[in-house]
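Structural characterization, general
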Amino acid sequence: MDLGSGIATFGIALGAAAAIFGGAIGTGMAQSAIGSAGMGVIAERPEEAGKLLIWLVIPETIVIFGFVIGILLALKIGG
Amino acid sequence: MLKPVPMAKVRAIALRKDLEDTVALLHEMGAVQLTKYEDKRLSAEKPIEAYQPLMAQLVRLRAIEAALKPVPITEKQKLLPLGELLAECQALRLDKTLSQMRDRLEAIRAESEELSEAEEIFEALQGLEVDVSSLKSKDITYFVGKIPYQKLVKLDRTVAKITDRYVLRAKATGRFERACIIVIDRKYGEQAANAIAKIGFAEARLPPIPGKPGHVLRTVKERLVKLKAEKSELIKMQEKLSAENYGKAVALREMLEIHSDRARAPSNFSGTEHAFVFEGWVPAAHYSGLEAALSNRFKGNAAIQQLKTDEMPPTLLSNPGFLKPFEFMVAFISLPESRELDPTILFALIFPVFYAMMLGDAGYGVASLFIALILMVKFKGTMLEPISRVWAYASFPTVLFGIVYDEFFGFRHADLLGFQLYHGIPRMENIIPLLLAMIALGALHMAFGFLLGAVNAVREKNYRHAVAKLSWVFLEISGIVLIATLMFSALPAWAAIPFGIIGFLALIPIAVFEGIPGLVEIPGLASNILSYARILAVGIASVVVAELINELLLPKPEMGVFMFVLMPIYLALHLMNIFIGMFEALVQGARLNYVEFFSKFYHGGGEPFKPFGYPRRFTA
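Think of each chain on its own: its residues are numbered from 1, step by step along the sequence as written. Key to labels: chains lettered from A, ligands numbered from 1, both in the order written. With pLDDT at 70 or above as the cut-off, local features in this predicted model cover only qualifying residues; side-chain atom pairs require 80 or more to be listed or tallied, and sums for whole chains, interfaces and linings still use all residues.

**Describing the overall build of chain A**
Put simply, the rule is: Helix numbers and strand numbers start at the N terminus; a helix is a DSSP run of H or I with at least 4 residues, a strand a run of E with at least 2. Put simply, a residue is buried when 20 or more other C-beta atoms lie within 10 Å of its own C-beta and exposed when 12 or fewer do; between those, it is partly exposed, and each C-beta is set from the backbone. Each residue is represented by a C-beta atom placed from its backbone, and any two residues with such atoms within 7 Å are regarded as in contact.
Of the regular secondary structure elements, chain A holds three helices and zero strands. Along chain A, helices (α) and strands (β) appear in the sequence α-α-α when read from the amino end. Here chain A, with 79 residues, has 19% of them falling under the buried criterion. Of the contacts formed within chain A by residues at least 6 apart in sequence, a portion of 74% connects residues at least 24 apart.

Set out below in structure tokens:
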């Protein structure tokens with residue numbers, strides 16, 4: 001592998017890692033805020049747990065975007 | 001199955017003299033949910049007079065029941081009339097005896113705890129030839145208690161910092177604890193007490209028994225034996241009382257609950273001097289039964305009619321027993337409104353497929369079935385029971401997908417059998433085709449959701465909304481075709497023109513009927529579809545972990561004895577991966593239904609149907 005393609009591979013790998021990393025951090029930040037607020041609600045109204053679950057899981061899509069981009073990039077390295 | 005049970009709103013009028021009989025009849029039938037009926041021309045009814053004494057007796061009987069030990073009940077008792085019931089309750093005079101027994105048992109427990117602690121300490125101090133109680137005088141004082149052994153040196157230093165006029169003796173009472181006695185100059189007593197409490201010295205309350213530790217210890221032991229005997233005597237007495245009275249107490253409590261329900265019911269009614277009126281919801285199929293029951297019982301002195309109303313009825317779902325766990329999953333988010341589609345059957349058909357595509361390992365499927373069955377038995381009657389049933393159902397398609405993916409506890413079938421039977425679609429080698437398949441599946445699932453939304457809107461006669469929902473389907477299809485054509489050249493370039501036009505035309509009804517919120521939702525459509533990539537994401541995580549466990553920790557005969565050391569670790573890690581997979585597939589599979597699918601058609605927010613009645617256990 002020459003230097004140029006080595007740098008390119010490194011860049012792609014870094015990009016794939018960054019996609020998952022950013023998505024995971026973003027999801028974590030959003031879920032921590034929603035989760036803590038949700039717990040407050042559940043303490044007073046446990047019957048709302050189901051509805052709160054929906055709000056809690058919405059940000060998970062962010063990390064899925066990261067996963068899709070990451071996979072697409074990572075597979076470029078193999079090919 | 002696809003619709004909640006149709007409900008009818010009814011209003012009935014009957015004679016005041018028949019009020020109690022009418023209430024009893026409705027209560028026995030258990031088919032009507034009473035609603036508050038108010039009319040300015042009529043006066044509001046009150047609970048019947050016996051309500052207060054009934055509630056007073058109910059509080060008493062609940063306390064008696066709680067104080068008795070449950071015994072199995074085989075016979076049901078006949079429901080007593082109100083007067084007889086109250087007399088019977090008053091005759092059951094167990095309150096005082098039970099409360100005295102409870103107080104005495106509590107006192108014995110507290111004293112035994114204190115004495116056991118003292119016993120430990122005096123055992124440690126046995127060699128001390130001094131009457132501990134005499135160590136408290138105008139010049140000296142003492143502290144006795146326990147401290148974790150690693151803090152003993154700190155305790156000594158802490159007291160030494162305050163004064164050198166002290167004596168500290170310590171002895172082990174357990175592996176990690178030391179009993180200590182500190183005798184100190186009274187002047188420094190208070191200061192020392194505060195300082196040693198801060199470092200974790202737990203001062204013990206010693207019984208006021210004079211004498212040297214050996215003598216006190218004997219006295220404490222004797223007292224503990226006496227307390228134990230008294231406790232077992234009291235427990236025997238409690239068991240005897242329970243055997244004699246528990247059955248009667250629970251039956252009376254149930255009768256009181258039945259009568260108090262009935263006594264409170266008239267507060268929903270309105271009436272005149274000679275008649276009363278009530279309203280309620282009844283499953284439409286039960287209306288004629290209710291009408292017949294009222295007319296048979298009161299021979300034309302009661303009339304009932306069905307009302308036309310726009311009010312939203314309470315929701316009663318009618319799914320067959322095997323769908324109940326999925327009904328629970330739907331109701332967990334929100335119960336459907338009475339007039340909308342009940343998505344339980346759709347959830348039951350779609351969720352296990354998503355779950356199976358995520359867990360997707362035949363071995364894990366079989367293992368998850370056994371885990372689910374164990375959980376079902378262990379957590380019977382709790383929230384985990386329906387969830388375990390869902391796991392159990394979903395484990396069957398998991399095995400199927402495991403065969404398709406060619407995954408058996410992270411191995412290929414050829415690795416296990418030694419020869420190739422078929423060509424599966426291993427996930428790790430087919431990421432891109434599977435990713436596209438998941439996204440296509442997501443697009444289909446969502447299009448189905450939009451179609452259901454259109455059906456719901458037509459049933460509600462909201463045709464504008466129905467057109468908008470259908471437009472979303474066209475927008476979704478055209479969007480996918482455009483991306484496939486322009487970005488991936490999957491179709492000839494000319495396909496972009498007709499689908500571009502369809503997509504643009506679909507935007508018009510969305511903009512007109514749903515306005516700005518509809519247009520803002522368009523990027524959400526793409527994000528919703530991409531969200532189905534999680535099926536692959538969760539699956540791949542599970543496969544990678546399973547393969548790693550096999551690669552690094554698989555016990556092999558050539559390892560010798562080490563194989564037996566490795567085996568439990570290997571199995572435990574697979575078990576952990578199965579648990580994580582089961583949980584993740586449950587949450588993510590449910591989420592795809594709740595968020596991506598339900599949001600296209602489901603209103604939710606239904607109130608459960610609560611018929612006026614009582615599920616009897618101890619009375620007939």
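Still more ground to cover, so stick around.
**Some thoughts on the overall build of chain B**
Applied cut-off: The reference for a compact globule is 2.2 Å times residues^0.38; the radius of gyration itself is calculated from the C-alpha atoms.
Looking only at helices and strands, chain B features 19 helices and 10 strands. Computed over the C-alpha atoms, the radius of gyration of chain B is 37 Å, more than 25% above the 25 Å expected from 2.2 N^0.38 for a compact globule of 620 residues. Dimensions of chain B along its principal axes, counting C-alpha atoms only, are 105 × 90 × 50 Å. Residues counted as buried form 31% of the 620 residues belonging to chain B. Summarising the internal contacts of chain B: among those between residues at least 6 apart in sequence, 79% fall at separations of at least 24.

**With respect to the sheet that holds strand β6 (residues 177-185) of chain B**
Residues and elements named next belong to chain B. In plain terms, the rule: Pairing between strands requires that DSSP locate at least two bridges from one strand to the other.
Strand order in the open sheet formed by four strands is β5-β6-β4-β7, and the pairing between neighbours is antiparallel. Edge positions in the sheet fall to β5 (166-172) and β7 (202-203), since each has one partner strand and no second. Relative to β6, strand β4 (residues 140-148) is paired through nine bridges, and the arrangement is antiparallel. In the strand pairing of β6, Y142 is matched with V183.

**So, the domain arrangement of chain B**
Put simply, the test is: In this document the domain limits rely on a domain assignment from an automatic tool or a database.
Under the domain assignment, chain B is made up of domain 1 (130-211) and domain 2 (325-600). A C-alpha centroid distance of 65 Å is found between domain 1 of chain B and domain 2 of chain B.

**Describing the interface of chain B and chain A**
Defined as follows: We call Asp, Glu, Lys and Arg charged. Ala, Val, Leu, Ile, Met, Phe, Trp, Tyr, Cys and Pro are nonpolar, and the rest, Gly among them, are polar.
Taken residue by residue, the interface counts 15 residues in chain B and 12 residues in chain A. Put simply, the parts of the chain that give the side of chain B that touches chain A at least two residues each are α9 (324-333), α14 (431-459), α17 (522-530), α18 (534-553) and α19 (562-597) of chain B. Looking at the side of chain B that touches chain A, its residues break down into 10 nonpolar, three polar and two charged.

**What about the packing of α9 of chain B against helix α10 (residues 344-359) of chain B?**
All names here are of chain B. To be explicit about the condition: Each axis is a line fitted through C-alpha atoms, and for a helix only the stretch in contact is used; angles between axes span 0 to 180 degrees, taken between their N-to-C directions. Angles below 35 degrees are treated as roughly parallel, those above 145 as roughly antiparallel, those between 65 and 115 as roughly perpendicular, and all remaining angles as oblique.
α10 packs onto α9 with a crossing angle of 105° between their chain directions and a minimal axis gap of 9 Å. When the axes of α9 and α10 are compared, the pair comes out roughly perpendicular. Contacts between α9 and α10 involve F326, E327, M329 and V330 from the first element and T344, F347 and A348 from the second. A class-by-class count of the residues in the contact of α9 with α10 yields five nonpolar, one polar and one charged.

**Overview of unusual backbone geometry**
All names here are of chain B. A positive phi angle is found at D406, which is not glycine, with a value near 60°. Its place among the elements puts D406 in the loop between α12 (384-405) and α13 (413-417). Despite not being glycine, F409 shows a phi value in the positive range, around 50°. Mapped onto the elements of the fold, F409 is located in the loop between α12 and α13.

**Concerning α10 of chain B**
One turn of the α-helix equals 3.6 residues, which is why residues spaced by three or four share an orientation. All names here are of chain B. Threshold: By definition here, a helix of n residues has an expected span of 1.5 Å times n minus one.
Over its 16 residues, α10 runs 22 Å from end to end, which matches the ideal 22 Å to within 8%, given 1.5 Å per residue. Counting buried positions over the 16 residues of α10 gives 12, a clear majority of the element. Among the residues of α10, T344, L346, F347, A348, F351, P352, F354, Y355, A356, M357, M358 and L359 are the ones counted as buried. Looking at the buried positions of α10, the neighbouring elements they touch are α9, α11 (362-378), α12, α18 and α19. In the stretch just after α10, G360 is the one whose phi turns positive, near 45°.

**Concerning the nonpolar core**
Soluble globular proteins tend to pack their nonpolar side chains together in the buried interior. To keep things clear, this is the line we draw: Here a nonpolar core is just a set of buried residues of the types Ala, Val, Leu, Ile, Met, Phe, Trp, Tyr and Cys, joined wherever their C-beta atoms sit within 7 Å.
Grouped together as the largest cluster of nonpolar side chains are 66 residues, with contacts concentrated most on F67 of chain A together with Y355, M358, A533 and I535 of chain B. It is α10 of chain B that contributes the most residues to this core, 10 residues altogether.

**Some remarks on the pairing of β6 of chain B**
Residues and elements named next belong to chain B. Pairing between β5 and β6: seven bridges, direction antiparallel. Paired with L168 across the bridge in β6 is I182. Following β5, the chain reverses through four residues before pairing antiparallel with β6.

**What to know about the pairing of strand β1 (residues 7-15) of chain B**
Note on strand geometry: in a regular strand, side chains alternate between the two faces of the sheet. All names here are of chain B. Two elements, β1 and strand β9 (residues 275-283), share nine bridges in a ladder whose sense is antiparallel. Pairing of K9 across the sheet is with W281, part of β9. Here six bridges tie β1 to strand β10 (residues 302-307), and the two strands are oriented antiparallel to one another. In the sheet register, I13 faces β10, and the bridge partner there is A303.

**Regarding the environment of D185 of chain B**
Relative to the helices and strands, D185 of chain B resides in strand β6. It is 79 Å that separates the C-alpha atoms of D185 of chain B and D342 of chain B, two residues lying 157 residues apart in sequence.

**As for the confidence of the model for chain A**
Using the following cut-off: Summary of the metric used: pLDDT quantifies the predictor's per-residue confidence within the range 0 to 100.
Across chain A, the average pLDDT comes to 87, with 96% of residues at 70 or higher. Mean pLDDT in chain A bottoms out at helix α2 (residues 49-57) of chain A, which sits at 80, and peaks at helix α1 (residues 3-44) of chain A, which reaches 92.

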